[in-house]
Amino acid sequence: MKKFALTTLAAVMLPALAWSVGTPPSAASKPMMLAANAPASKSAPLTPAENLVLGTALLLEKERDAFEMSQVFRLALYLRPMRRVYDPNPNLVRAGDDPSAEKTYMERIRSVIKPELVARIDRMALTRKDMEHYLQHHQPLYAVDWKKHPTFALMEYAVNDFHEQIAPPDTIAAKDKDDFYIPESVKRISGKSAGDGKRLFDGICASCHGVDGQGRFPPIAMKSYLSLHSDHEHFEIIKAGPPQKPGAPIVMPTFGDKLTDDQIWAIAQYIRSWENHWADPKNVRRGEAEAKEAGVKFYSTPDLHGIWKAKNGNVVILDVQSDIAYRIMGHIPGSKHIRPEELDTKMKTLPKDKEIIIVDMFGSQGLAPATALAKAGYKTSYLANGMMDWHIVRDFQTEY
Ligand code: HEC
């Protein structure tokens, strides 16, 4: 059990990459817009959401010192579900989405930047012209067509700007990544026909990520992961690889030079289709059956919240995220922290007479540690949907 949480950081440190990319193929540009998302006329005032997002992005650009690192982290995380409301992807699952996501996350963004900065944004008296200027002068990103989807583009660009502020300074350059061989038979799959996305994924990505997307690498298939990532980000990750630090045990190759935009979009859309799969509680994630068989008990986030609030002395909440995630992304107040790679050696320090509740980031990478603990005779439970649900979705108290 080496690399559980380390890699998940990529999920909150998505590429601060600024490649210019081609226009998406027609399959991706079939718009499914909510009436309220239709592009406003040039003279229309900014919506409150546009005002807040644009203002925050501009403020961050001009006055980086006014923000703390953990604030920028949270801005990037809260903006993600808000952005989803505007995602032009026709396949995006909206049924399970919170209809008031925009309002909810705007409130959280406001509370992260505090009244003083909110007032500063209001004093900026931003107009639609300012927004257009920002969109026009921003590096084109993620193949978002900003003229067609200005609000979505604003949010995608802002997420990227926030990440640029927190991305690790030293990442592996494309030229230092290993080449990756793709068989001719797979290369010939055009990406233009139904089923191509799956065939391309199985032929290229599954060797590392598993056919179910739940291989040894970050949980790119989990519902909580997918709900925070856009297809445009996946497009960019497939093209240029995720940001990785030198010394990473496995480096994801870049595919921009090997696959066409059609092929990349087909894969991104196939990954999105898993969201339907994972929305169905009947489908268990990899490792879940083993964990249950080993006796691990699963808690929903509200259940654990109740247990935590009751301050039950017979319970240890054990956070197994990476150091940086534990500190900057946050953890449940009072939880004990053991890095996943240290669990083997530190397991002995855990009490056998108490219930140990394992907490991870997305509700996936702690499953193996939980199973190991249960097999070693500890009374083990597991927070089913991870810190992302506790913190970003439910806004329960979090410590940094
Ligand atoms: C050689 C192995 C390898 C191959 C092949 C590979 N990946 Fe990856 N991928 C990785 C690794 C390793 C990471 C984690 C990087 C990190 O966090 O340090 C990753 C990360 C990702 C992420 C980001 C996850 C996150 O947490 O943000 C996505 C999305 C992804 N890969 C999709 C794909 C797709 C789609 C393909 C096929 C086109 C693919 N990968 C092919 C190894 C691979």
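This structure is a prediction, so every number in the text was calculated from the model and none was measured.

Looking now at the overall build of the chain. Scanning the chain from terminus to terminus reveals 16 helices and five strands. Burial analysis of the chain (400 residues in total) assigns 43% to the buried set. Taking contacts inside the chain between residues at least 6 apart in sequence as the whole, the part at least 24 apart equals 78%.

What follows is about the pairing of strand 5 (residues 379-383). Most of strand 5 is tucked away: four of the five residues are buried. Across three bridges, the pairing between strand 1 (residues 297-299) and strand 5 is parallel. Counterpart to Tyr 299 in the pairing with strand 5 is Leu 383. Of the strand pairs in this sheet, strand 4 (residues 355-359) and strand 5 are connected by four bridges, and their pairing is parallel.

So, on to the environment of His 209. Counting through the fold element by element, His 209 comes out in helix 7 (residues 196-209). C-alpha separation for the pair His 209 and Ile 220, spaced 11 residues apart in sequence, amounts to 8.0 Å.

Another aspect to go through is the environment of Ile 182. Here Ile 182 shows up in the loop between helix 5 (150-166) and helix 6 (184-187). Accessibility expressed as a C-beta count within 10 Å gives 16 for Ile 182, which makes it partly exposed. Sequence separation of Ile 182 and Ile 204 is 22 residues, and the distance between their C-alpha atoms is 6.8 Å. Excluding its chain neighbours within four sequence positions, the residues that come into contact with Ile 182 are Lys 187, Ile 204 and Lys 258.

The next thing to look at is the nonpolar core. Formed by 91 residues in total, the largest nonpolar core has its most connected members in Val 53, Leu 79, Met 155, Ala 158, Ile 267 and Ile 358. Apart from the residues within four sequence positions on either side, Met 155 is in contact with Val 53, Leu 79, Met 82, Arg 83 and Tyr 86.

Quick look at helix 12 (residues 301-309) now. Those residues of helix 12 that fall on the buried side of the exposure criterion are Thr 301, Leu 304 and Trp 308. Summarising the axial view, the buried residues of helix 12 lie within an arc of 65 degrees, below the 170-degree limit, and thus occupy one face. Residues of helix 12 that are exposed and point over 90 degrees away from its buried face: Pro 302, Gly 306 and Lys 309. Tucked inside the fold, the buried residues of helix 12 contact strand 1, strand 2 (315-319), strand 4, strand 5 and helix 16 (386-393).

Peptide bonds are mostly trans, and most non-glycine residues show a negative phi. Non-glycine residue Ala 125 carries a positive phi angle of around 45 degrees. Inspection of the secondary structure assignment puts Ala 125 in the loop between helix 3 (101-123) and helix 4 (128-137). For Ala 125, a count of 10 C-beta atoms within 10 Å gives the class exposed.

A few words now on helix 5. With 17 residues, helix 5 should reach 24 Å at 1.5 Å per residue; the first-to-last C-alpha distance of 25 Å fits that figure. Counting buried residues in helix 5 gives 14 out of 17 residues, a clear majority hidden from the surface.

The next point concerns the packing of helix 1 (residues 48-62) against helix 3. Direction vectors running N to C along helix 1 and helix 3 enclose 50 degrees, while the axes themselves pass 10 Å from each other. Accordingly, the angle class assigned to the pair helix 1 and helix 3 is oblique. For the pair helix 1 and helix 3, the crossing hand works out as left-handed. Judged by residue contacts, Pro 48, Ala 49, Asn 51, Leu 52, Gly 55, Thr 56 and Leu 59 of helix 1 engage Glu 102, Met 106, Ile 109, Ile 113, Leu 117, Arg 120 and Ile 121 from helix 3.

This part covers the sheet that holds strand 1. With respect to topology, five strands assemble into an open sheet ordered 1-5-4-2-3, the strand pairing being parallel. Edge strands, defined here as strands with exactly one partner in the open sheet, are strand 1 and strand 3 (336-337). Those strands touched by helix 15 (residues 367-375) are strand 4 and strand 5, and its axis lies near 165 degrees from that of strand 5.

Scored by pLDDT, the chain has a mean of 83; 86% of the residues are at 70 or more. Note that residues 1-37 has pLDDT below 50 and, in this model, 88 contacts with residues that lie over four places away or in other chains.

Here Ala 372 shows up in helix 15. Considering only alpha carbons, one finds Ala 372 and Leu 343, 29 residues apart in sequence, at a separation of 9.3 Å.

Conventions adopted
- Residues numbered from 1 in each chain as written.
- Predicted model: local features only at pLDDT ≥ 70, side-chain atom pairs only at ≥ 80, totals over all residues.
- Helix = DSSP H or I, 4+ residues; strand = E, 2+ residues; numbered from the N terminus.
- Buried ≥ 20, exposed ≤ 12 C-beta atoms within 10 Å, placed from the backbone.
- Contact = placed C-beta atoms within 7 Å.
- Pairing = 2+ DSSP bridges.
- Core = buried A, V, L, I, M, F, W, Y, C linked by C-beta atoms within 7 Å.
- Arc of directions from axis to C-beta.
- Expected span 1.5 Å × (residues − 1).
- Axes fitted to C-alpha atoms, helices over the stretch in contact; angles between N-to-C directions.
- Parallel < 35°, antiparallel > 145°, perpendicular 65-115°, else oblique.
- Left-handed = near helix turned anticlockwise from the far one by under 90°.
- pLDDT = per-residue confidence, 0-100.

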